[in-house]
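# Structural overview for review
Listed below, chain by chain, are the residues.
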Amino acid sequence: MPRYVVIFEDDSSRDWIRKEHNQAHFDYLGAHRDEILIAGGLRPDWGEWFDGGLWVCEAESKARVAELAEADPYFTLGLRKAYRIKGWGKAPIYDQIAL
């Protein structure tokens, strides 16, 4: 199945959403862990606050990944202001990687 990465950009003026709804977001990730293989926050640098996120997904299509991104509570509540989806594959020098 194809793998994709999703790179999210957050609206820092709506960061209260992250603070108040992080459990709903984590529950959503857990409910879709068969397609969202790994997810985490992005920051400008260590020690700085989050300004986005990144997912590695395995899904039937780019359209399905967009559905997942747009149904996440962080997106529906307005924290995510933009996202990009890219097809992704690991470089052949790496052995088996379990995500």
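Residues numbered from 1 in each chain as written. Predicted model: local features only at pLDDT ≥ 70, side-chain atom pairs only at ≥ 80, totals over all residues. Heavy atoms only, no water.

## A few points about the nonpolar core
The following threshold applies: Only buried residues count toward a nonpolar core, which is a set of Ala, Val, Leu, Ile, Met, Phe, Trp, Tyr and Cys residues joined through side-chain atoms within 4.5 Å. Note on classification: 1.4 Å probe, protein chains only; a residue is buried when its accessible area is under 20% of the maximum for its type, exposed when over 50%, partly exposed between these limits. Secondary structure follows DSSP: runs of H or I at least 4 residues long count as helices, runs of E at least 2 residues long count as strands, and numbering of each begins at the N terminus. Only heavy atoms enter the contact rule, under which two residues are in contact if any of them lie within 4.5 Å.
Within the largest apolar cluster, 14 residues are counted, with the highest numbers of intra-cluster contacts made by V6, I36, W55, C57, V65 and I85. Per-element tally for this core: the top contributor is helix α2 (residues 62-71), with four residues. Excluding anything up to four places from it in sequence, I85 contacts Y4, V5, V6, K62, V65 and A66.

## Quick look at the pattern of salt bridges
Selection rule: A pair is scored as a salt bridge if a Lys or Arg side-chain nitrogen falls within 4 Å of a carboxyl oxygen belonging to Asp or Glu.
Summed over all chains, the structure comprises eight salt bridges. Between E9 and K81 there is a salt bridge, and its shortest N-O distance comes to 3.4 Å. You can see E9 sitting in strand β1 (residues 3-10) and its partner K81 sitting in strand β4 (residues 80-87), a full 72 residues away along the chain. Since its relative accessible area comes to 42%, E9 is described here as partly exposed. Given the relative accessible area of 52%, K81 is considered exposed. Among the salt bridges present, the one from R18 reaches D10, with a minimum N-O distance of 2.1 Å. Taking relative accessible area as the criterion, R18 reaches 8% and is therefore assigned buried. Because the salt bridges share partners, they merge into one network encompassing D10, D15, R18, K19 and R80.

## Looking at the packing of aromatic side chains
Spelled out, the test is: Two aromatic rings, drawn from Phe, Tyr or Trp (for Trp, its six-membered ring), form a pair once their centres lie within 6.5 Å of each other, and the interplanar angle then sorts them: stacked below 30 degrees, edge-to-face above 60, tilted otherwise. Both a distance and an angle decide whether a charge sits over a ring: NZ of Lys or CZ of Arg must be within 6 Å of the ring centre and within 35 degrees of the ring normal.
Here the structure, examined in full by the defined rule, presents four aromatic pairs. Ring centres of F8 and W55 lie 4.9 Å apart, and the angle between their planes is 65°; on these two criteria the pair is classed as edge-to-face. Within this pair, whereas F8 is found in strand β1, its partner W55 is found in strand β3 (residues 52-58), the two being separated by 47 residues in sequence. Neither residue differs from the other here; F8 and W55 are each classed as buried. Ring geometry for W49 versus F50: centroids 5.1 Å apart, planes at 70°, classification edge-to-face. The class of F50 is partly exposed, set by a relative accessible area of 22%. In textbook terms, an aromatic cluster arises when at least three aromatic residues are bridged by ring pairs, as seen for F8, W55, F75 and Y83. Here the guanidinium or amino end of K19 rests over the ring plane of W49, the centre of that ring lying 5.7 Å away. The ring of F50 is capped by R43, whose NZ or CZ atom sits 4.1 Å from the centre of that ring.

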